[in-house]
Structure formats: C-alpha cells, structure tokens
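Here is how the chains run, residue by residue.
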Amino acid sequence: MLRGCMAGARRGAQGQGAGTAVRRVRPRQLAAEPSASSVQFRAAVLRGLGVEMVGASSEDVAGPQGGCLAQKGLQLDGDGGVYLAGNLGLRPEPYRWSRELLARTQSNPVVLNCFGLHEWAMVYRPDHRSAGSARYQDGLRFRLSQSEVNRLVEESQLRCSHLDALRMFSPAAQTRPNRFGSIQALSRDNQPQLEQAACVHAALDLLRWCIKLSPFVRAELLADCLEHALRARRVDVAAGPYDCLEFGIEPIRIETDMGRREYRDLQIELMKEGKPLREQLIREYDLLLSSIADANS
C-alpha cells in the first residue's frame, strides 16, 4: 500500500503538458484514516484526465508491495506517480454501456407502484422449503409468517423493474404474473429499457457505477453516492418482510395501505435526491470517454 498522507486534491496539469487535467492526491494507508473529508478530487475539465499519486516512489510503483500499481498503469512522473486515462488502454465499450444505462434510467417512465415487493418475491416459498435467493436473507428473521409472505406475493402484481432483483426472485416467484412476461428471458440487453429512477435498487446502483469509474471520479461524488446508497438500503430492508428492529430499522408495512403510501413517498424522495448524482455521474463518464477517444485518435 502506498505511503504518505492524503491531501486535498487540486485541479492542474503542472508538468503534464497543455490540455491535460490531473487530479493530485497524496497516498496513505486508508485504513488508518477513517475520515474521508481529507480526500477531495476536483473535477478535471480539460481535455485529458488523470490521477497523480503525489510522493509515490519507485518502490511504491514497482516494489514487492506495490508492483500491481505498475500493472494497473501507474507511471513515475516528477514527484510521484500518475494514472493517465489515455495511457491505460481502456476499452470504451464497458464505460459507454454504463453511461447509457444511467441516462436511460434517468429518462425512462418511473414506476411508483412496485411497493418493494422484490424482497418478498425473493423469499416466496409456497411449498415452505428454502429456495432461490433465500440464502441471502438467512440471517434475518421474518416479522410475518411464511404463509403471510406467500399470500401477499400471490395477491399482488409484481412490477419490479431491476434486472438483478428480478433474477434473485425465488423459482416459484419467477413464474408469477409480472409486467415483463418471462423473467428468465430477460438479459443485460434488456436492462436499459427496464430500469427507472424511482427504483430503490437503481439508487443503490449509483454507488456501483461510481466505483466502476474509479479512480477517475471525484471523491465527493463517491461519498455522496455511498450515503445515498445507505439511505436506499434502509428503505429496501424496511419494506421487506424482515424483522430488523435490532438494527434500529422500523418496518415499512407495505402489506397495508398506509405502508404503501409511505414507501411511495420515500421512493419519490430518493428519486429526487438521486437525480443530480446520476447527472454528475453521466458527466464523469462523458469526461472519461472523451479522454479515451482522444488517446485512440
């Protein structure tokens, strides 16, 4: 792990040539510094894009503890090491796909009547035997009986729009009537047509797409997406059939009209909070894609 201390980043391209924006940070052992407030990346708004690790040494880059950094494209330059997006041989397609998904999620019609039933569909077991994704919730107690969970799924239309949530439905739930026909027929090719901004899991995914962009993303945006994802996850779990009082999470009783209204209100709140984060992420992806295009031209 790199040595040194984290310092605030600054916009600049000193020593990197005209038309190149480099984000500069001082490396440190992050585990020893719990505060993320000292890590700040300023937006790179010029033609190129990079991250400079100020104070990195040859040992950091190619030594026994840091050789992997060279493999990931870190090069010694001046008083440290620099990652330049254009020098890493990055393929644009994965980043273009994520950028398109973010944009389509923002523009697709919203769904405000799913009521968080995806968590119920994941543990739907009409034969009362463990099946499907139930193993992921093994550590959580139900606040209702299995029969009550089954009944709510059977009495409701499943309107989930998130591909990864749909794929985690129990086998029995995947055969239930839903707005897409056959869940088994869905794939990543369908995902941009499915996802929409009111989805709680789309709010969680803002962190996912932000991490994918690292290290070419501002630390402030990463922290904002993390906080947003934590809020969304609390809503996600609270609306499920689980008893999470020991974690300080009061249930959102979507089996009642009042609970469904509460869930819908929280969906709208998360959607409004997530909109500027998603817009910022789209701009960050555009910046990286532009840098990759410049390098390949």
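Some thoughts on the confidence of the model for the protein
Now for step 1: When pLDDT is averaged along the protein, the result is 77, and 67% of the positions lie at 70 or above.
Now for step 2: Taken element by element, the protein is modelled with least confidence in strand E1 (residues 11–12), mean pLDDT 28, and with most confidence in helix H3 (residues 92–107), mean pLDDT 96.
Now for step 3: Note on residues 1–49: pLDDT is under 50 here. Beyond four places in sequence and across chains, it has 123 contacts.

Quick notes on the nonpolar core
Now for step 1: Judged by nonpolar contacts, the single largest core of 58 residues is most densely connected at Trp120, Phe169, Cys225, Ile254, Tyr263 and Leu281.
Now for step 2: Within the residue set of this core, elements represented by two or more residues are H3, helix H4 (118–122), helix H5 (146–155), helix H6 (163–167), helix H9 (200–213), helix H10 (219–238) and helix H11 (257–296).
Now for step 3: Broken down by element, the residue count for this core peaks at nine residues, all from H11.
Now for step 4: With sequence-adjacent residues up to four places away left out, Phe169 is seen in contact with His118, Ala121, Met122, Leu158, Cys160, Gln174 and Ile183.

Focus on H9
Now for step 1: Compared with the 20 Å implied by 1.5 Å per residue over 14 residues, the 21 Å span of H9 between its first and last C-alpha is a close match.
Now for step 2: Of all 14 residues in H9, eleven are buried, a share of seventy percent or more.
Now for step 3: Buried within H9 we find Val200, His201, Ala202, Ala203, Leu204, Asp205, Leu206, Leu207, Trp209, Cys210 and Leu213.
Now for step 4: In this structure, the buried residues of H9 make contact with H3, H4, H10 and H11.

Scoring rules and cut-offs
Residue indices begin from 1 for each chain and proceed along its sequence in written order. Residues qualify for local features only when their pLDDT is at least 70, as the model is predicted, and side-chain atom pairs are given and counted only at 80 or more; totals for whole chains, interfaces and linings, by contrast, use all residues. In computing side-chain properties, one takes all heavy atoms of the structure into account and sets aside hydrogens as well as water. Scored between 0 and 100, pLDDT is the confidence that the predictor attaches to each residue. Counting from the N terminus, the helices are the DSSP runs of H or I reaching at least four residues and the strands are the DSSP runs of E reaching at least two. Residue contacts are counted whenever heavy atoms from the two residues lie within 4.5 Å of one another. Here the nonpolar core consists of buried residues drawn from Ala, Val, Leu, Ile, Met, Phe, Trp, Tyr and Cys, with membership extended through side-chain atoms lying within 4.5 Å. Only protein chains enter the area calculation, which uses a 1.4 Å probe; residues under 20% of their type maximum are buried, those over 50% are exposed, and those in between are partly exposed. What a helix should span is 1.5 Å times the count of its residues minus one.

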